[in-house]
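Understanding the architecture of this molecule
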Amino acid sequence: NVPEDQTDKLLLASWGLPKAVLEKYHSLGVVQMFEWQAECLMLGQVLEGKNLVYSAPTSAGKTLVAELLILKRVLETRKKALLILPFVSVAKEKKYYLQ
């Protein structure tokens, strides 16, 4: 669980994302995360590029965790990232949303 003093971490706005990115997520109805998603991002040195292995049921929100990690790393390090998706339809959807 997310510690009570860090419940603000459930809000996407508290992760230092640019306004344009937040507005896009908000337009899609994504304003905050589930507790387990925020926990994933707060584990160890995940935000500094360390590995993270997590598992959740289909449609539980795994992709949001990956997107936020990628976005933060790309914006902070100015390096490229590779996002591998399992299906062409998902890849097209993500390409549209991430543009």
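The coordinates are above.
All of the points below concern the structure found in this document. (Residues numbered from 1 in each chain as written. Predicted model: local features only at pLDDT ≥ 70, side-chain atom pairs only at ≥ 80, totals over all residues. Heavy atoms only, no water.)

**Description of the packing of helix α2 (residues 35-42) against helix α3 (residues 62-77)**
Our working rule: Throughout, an axis means a line fitted to C-alpha atoms (over the contacting stretch in the case of helices), and angles, computed between N-to-C directions, take values from 0 to 180 degrees. Each helix corresponds to a stretch of at least 4 residues labelled H or I by DSSP, and each strand to a stretch of at least 2 residues labelled E; elements are numbered beginning at the N terminus. If you view the pair so one helix is near and one far, a crossing is left-handed when the near helix is turned anticlockwise from the far one by less than a right angle, and right-handed when it is turned clockwise. Every residue pair with non-hydrogen atoms within 4.5 Å of one another is taken to be in contact. Residue type decides the class: Asp, Glu, Lys and Arg count as charged, Ala, Val, Leu, Ile, Met, Phe, Trp, Tyr, Cys and Pro as nonpolar, and the leftover types, Gly among them, as polar.
Where α2 contacts α3, the two axes come as close as 10 Å, and the packing angle between them is 35 degrees. Relative to α3, the crossing made by α2 is right-handed. Seen from α2, the contacting residues are W36, Q37, C40 and L41; seen from α3, they are K62, L64, V65, L68 and L69. Broken down by class, the residue content of the contact of α2 with α3 amounts to seven nonpolar, one polar and one charged.

**Details of the side chain of K72**
For clarity, the cut-off: For the exposure calls, accessible area comes from a 1.4 Å probe over protein chains only, and a residue counts as buried if that area is under 20% of its type's maximum, exposed if over 50%, partly exposed in between. The term polar contact refers here to a pair of N or O atoms within 3.5 Å; inside protein, the definition further demands a hydrogen-donor-capable atom paired with an acceptor-capable atom, and it admits residues adjacent in sequence only when both atoms are side-chain atoms.
Tracing the backbone through its elements, the reader meets K72 in helix α3. Residue K72 is classed as buried on the basis of its relative accessible area, which comes to 12%. A polar contact of 2.9 Å, which involves the side chain of K72, links it to the side chain of E76. Residues in contact with K72, not counting those within four places in the same chain, are W15, L17 and L47.

**A few points about the pattern of salt bridges**
Cut-off, in case you're wondering: Any Lys or Arg side-chain nitrogen found within 4 Å of a carboxyl oxygen on Asp or Glu counts as a salt bridge.
Summed over all chains, the structure comprises three salt bridges. Two residues, K94 and E67, come together in a salt bridge whose shortest N-O distance is 2.8 Å. Of this pair, K94 sits in helix α4 (residues 88-98) while E67 sits in helix α3, placing them 27 residues apart in sequence. A single burial state applies to K94 and to E67, both of which are buried. In this structure, the salt-bridge partner of E76 is K72, at a minimum N-O distance of 2.9 Å. Taken as a pair, E76 and K72 lie in helix α3 at a separation of four residues, close to a single helical turn.

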